[in-house]
Amino acid sequence: MSELQPNKTILRLELPTDPRWVNIAEKNIEEILVDHAYCEQKAATSAISLIVKYPDKTKLVDELTDLVAEEWSHFERVLEQLKKRGYSLGRNRADEYVVQLSKHIRKGDKRERQLMDHLLVNALIEARSCERFKLLWKNIQDEELQKFYYELMVSEAGHYVSFVKLAKEYMPSDIVDARFKELLQIEADIIRNLEPRPDRMH
C-alpha cells in the first residue's frame, strides 16, 4: 500500500475537486479536522457493518478486519492533531455526500450485487478522501499536517484498491467494471451539484 501514488488514473474520479477548496479549507482547519475525525469513525463503522452482514465471506472479513483497525487508528491520530492545536472533537455533522452516494446502493437485488454496490460506494468515498488529502498535503502551510495528510493519502489509496478488488472477488470483473463506471458518473454529478462546504472533508 505504501508504494501507491494516487493520481487520476488510479482513482478514476470523473470530476476533480475545485482547487480553491483547499485554500478555504486551510482557513477552517479546526472544522476540517473535526469532520475528518468523524469520517474515519464512519469508515470503520461501515466496514464493521459489512463484516456483520456478510460473515460468510472469509476474504472480506479478513481484509475488512484489518481495515477497521487502520481506520480507527486514523481516528485516534486525527484526535491527536485536534488536541495538539487546542481543539475538541466537537459535534458530528451529516455527510450529505455520503448520504447521496449511498442512495445508489441497490436494494432488493441479489445479495452479491448488493455487496458489490456497498464495496464500490466505499471505494468511491475512499477515492474522494484520498484526492482531498492529496490537495491538503500539497497545498497547506502546516508542515506537520502536510506529512500527516501525505501518510493518510497513501493509506486511503490502498483502501480504495482493496474495496474494488473485493468487489471482483465476489462478482465477475466485467460486471464490477461496468457498475463502477456508472457509479463514477453518479459520484461526479453529486460533487457537481453539492453546495461547496470548505469546512467538510467531502
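Counting restarts for each chain, with residues numbered from 1 along the sequence as it is written. Reporting in this predicted model follows two pLDDT cut-offs: at least 70 for local features of residues, and 80 or more for side-chain atom pairs to be given and counted; totals over whole chains, interfaces and linings ignore these cut-offs and use all residues. Based on all heavy atoms of the structure, the side-chain values leave hydrogens and waters out of the count.

Participant: Could you give me a rundown of the environment of Phe180, with the residues and numbers involved?
Facilitator: Helical segments are the DSSP runs of H or I of at least four residues, strand segments are the runs of E of at least two, and each set is numbered from the N terminus. Looking at where Phe180 falls in the secondary structure, it is placed in helix 8 (residues 173-193). The contact definition used throughout considers only heavy atoms, calling two residues in contact when any of these lie within 4.5 Å. Beyond its immediate stretch of four places on either side in the chain, Phe180 contacts Arg12, Leu120, Ala123, Leu124, Tyr160 and Val164.

Participant: Now, about the environment of Ala44: what can you tell me, with residues and values included?
Facilitator: Mapped onto the elements, Ala44 comes out in helix 3 (residues 29-53). Residues Ala44 and Pro55, spaced eleven residues apart in sequence, show a C-alpha to C-alpha distance of 16 Å. With sequence-adjacent residues up to four places away left out, Ala44 is seen in contact with Val68, Glu71 and Trp72.

Participant: Tell me about the nonpolar core, and please be specific about residues and values.
Facilitator: In plain words, nonpolar cores are sets of buried Ala, Val, Leu, Ile, Met, Phe, Trp, Tyr and Cys residues tied together by side-chain atoms within 4.5 Å. The buried label applies to any residue whose accessible area, calculated with a 1.4 Å probe on protein chains only, is under 20% of its type's maximum; exposed applies above 50%, and partly exposed to all values in between. Among the nonpolar cores identified, the biggest contains 63 residues, and Leu64 and Tyr149 are the most heavily contacted of them. Of all the secondary structure elements, the ones that give two or more residues to this core are helix 2 (20-26), helix 3, helix 4 (58-84), helix 5 (96-102), helix 6 (111-139), helix 7 (143-170) and helix 8. Setting aside residues no more than four positions away along its own chain, Tyr149 makes contact with Ile32, Leu33, His36, Phe133, Leu136, Trp137, Ile140 and Met201.

Participant: Break down the environment of Asn139 for me, citing the residues and quoting the values.
Facilitator: If you trace the backbone, Asn139 turns up in helix 6. Taking the relative accessible area as the measure of exposure, Asn139 reaches 34% and is therefore partly exposed. Spatially, the C-alpha atoms of Asn139 and Asp18 are 13 Å apart, while their sequence positions differ by 121 residues. Excluding residues that lie within four positions of it along the chain, Asn139 makes contacts with Val22 and Glu26.

Participant: Tell me about the confidence of the model for the protein chain, and please be specific about residues and values.
Facilitator: In the predicted model, the protein chain carries a mean pLDDT of 92, and 95% of its residues have values of at least 70. Across the protein chain, the element-wise mean pLDDT spans from 64 in helix 1 (residues 8-11) up to 97 in helix 4. Each residue carries a pLDDT score, the predictor's confidence in it, ranging from 0 to 100.

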